[in-house]
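# Survey of secondary and tertiary structure
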Amino acid sequence: MSARIFSPAKTAMQSGKAKTGHWVLEFDAEKPKKIDPLMGYTSSGDMKSQIRLTFETREEAVAYAEKEGIAFRVQEPKEAKRRQISYSDNFRYDRRTPWTH
């Protein structure tokens, strides 16, 4: 039984950083998922893959995994690379690609 500890990224529907910054402990799948031949539903007999535990800090998640004897790996969050652009650059005279309607 192994688990992954990570900080989820914001969804594409979010513009701000609210509801981010928490840490999640999620168990890895022990059994592969099966596809039902009649209906095409995906099912699994692995109940631990449905468990998602949330923590305020990375240290709390690591301490819980160590206390419970769970093998874990930590995935550090990637920082978003933002480039500064100006709205007025869309209308510059010396723009590289022509602007059209």
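Residues numbered from 1 in each chain as written. Predicted model: local features only at pLDDT ≥ 70, side-chain atom pairs only at ≥ 80, totals over all residues. Heavy atoms only, no water.

The secondary structure content of the chain amounts to 1 helix and 6 strands. Listing every helix and strand of the chain by position from the N terminus yields β-β-β-β-β-α-β. By its C-alpha atoms, the chain is 60 × 45 × 20 Å across when sized along the principal axes. Looking at the chain residue by residue over its 101 residues, the buried ones come to 15%. Restricting to contacts in the chain with at least 6 residues of sequence separation, those with at least 24 account for 54%. For the chain, the accessible area works out to roughly 8,900 Å², and carbon and sulfur atoms hold 53% of it. (Helix = DSSP H or I, 4+ residues; strand = E, 2+ residues; numbered from the N terminus. Buried < 20%, exposed > 50% of the residue type's maximum accessible area, 1.4 Å probe, protein only. Contact = heavy atoms within 4.5 Å. Areas by Shrake-Rupley, 256 points an atom, 1.4 Å probe, with all protein chains shown as cover.)

Taken together, Leu38, Met39 and Tyr41 make up a surface patch of nonpolar side chains, about 400 Å² in accessible area. Counting through the fold element by element, Tyr41 comes out in the loop between β3 (34–35) and β4 (42–43). Overall, Tyr41 belongs to the exposed group, its relative accessible area being 53%. (Patch = residues over 30% accessible without salt bridge, like charges linked within 9 Å, V, L, I, M, F, W, Y side chains within 5 Å. Salt bridge = Lys/Arg side-chain N within 4 Å of Asp/Glu carboxyl O.)

It is worth spelling out helix α1 (residues 58–68) at this point. Buried within α1 are the following residues: Ala61, Val62 and Ala65. Across the axial projection of α1, the buried residues extend over an arc of 95°, all falling on one side. α1 presents Glu59 and Lys67 as exposed residues on the side facing more than 90 degrees away from its buried surface. Where α1 is buried, its residues touch β1 (2–6), β2 (23–27), β5 (52–55) and β6 (71–75). Gly69, located one to two residues past α1, shows a positive phi value of around 75°. (Arc of directions from axis to C-beta.)

Scanning all chains against the criterion turns up 1 aromatic pair. Plain terms: the ring middles of Phe55 and Tyr64 are 5.6 Å apart, the flat faces sit at 40° to each other, and that makes the pair tilted. Under the relative-accessibility criterion, Tyr64 is labelled partly exposed at 28%. The ring of Phe6 carries Arg4 above its face, with NZ or CZ at 4.0 Å from the centroid. Just above the ring of Phe27 sits the side chain of Lys48; from NZ or CZ to the centre is 5.4 Å. (Phe/Tyr/Trp six-rings, centres within 6.5 Å; stacked < 30°, edge-to-face > 60°. Lys NZ or Arg CZ within 6 Å of the ring centre and 35° of its normal.)

Strand pairing in a sheet takes place through backbone hydrogen bonds and is either antiparallel or parallel in direction. Reading across the sheet, the 4 strands line up as β5-β2-β1-β6 and stay open at both edges, with mixed pairing between neighbours. Either end of the sheet is taken by a strand with one partner, and the two such strands are β5 and β6. Taking each pair of neighbouring strands and ignoring which way they run, the sheet shows an average axis angle of 20°. Bridge count between β1 and β6: 5 bridges; the pairing is parallel. Residue pairing in the sheet places Ser2 in a bridge with Ala71 of β6. (Pairing = 2+ DSSP bridges. Axes fitted to C-alpha atoms, helices over the stretch in contact; angles between N-to-C directions.)

It is worth stressing that arrangement in space is one thing and function is another; only the former is reported here.
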